Amino acid sequence: MTQALSAEEQSKDRYFQQLAKVAEEMVAEHGKDFAAGALVLAARWVAENRLGQAENLKH
């Protein structure tokens, strides 16, 4: 018997699905190294509370 997911768990699951899709698209267009690097950089920005700052979004 499986438990139904809570609203929070469902929301998190949707975000993981979106991340997976974006990662797959990045790999298809630019390769694994780019995709991994971009996701690590995004995680770093989240950890450093730097999201949304235009000057940090340049490559």
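Residues numbered from 1 in each chain as written. Predicted model: local features only at pLDDT ≥ 70, side-chain atom pairs only at ≥ 80, totals over all residues. Heavy atoms only, no water.

Asker: I'm lost on the pattern of salt bridges in this one. Help?
Answerer: Charged atoms that come close allow side chains of opposite charge to pair. In the structure shown here, the tally under the stated rule is 4 salt bridges. Between Arg-44 and Glu-48 there is a salt bridge whose closest N-O contact spans 3.1 Å. The exposure class assigned to Arg-44 is partly exposed, which follows from its relative accessible area of 48%. The class of Glu-48 is partly exposed, set by a relative accessible area of 38%. (Salt bridge = Lys/Arg side-chain N within 4 Å of Asp/Glu carboxyl O. Buried < 20%, exposed > 50% of the residue type's maximum accessible area, 1.4 Å probe, protein only.)

Asker: Looking at this structure, how should I read helix 1 (residues 7-30)?
Answerer: An α-helix turns once per 3.6 residues; consequently, residues spaced three or four apart project the same way. The end-to-end C-alpha distance of helix 1 is 34 Å, a good match for the 34 Å that 24 residues give at a rise of 1.5 Å each. Remark: Gly-31 follows helix 1 within two positions and exhibits a positive phi of approximately 95 degrees. (Helix = DSSP H or I, 4+ residues; strand = E, 2+ residues; numbered from the N terminus. Expected span 1.5 Å × (residues − 1).)

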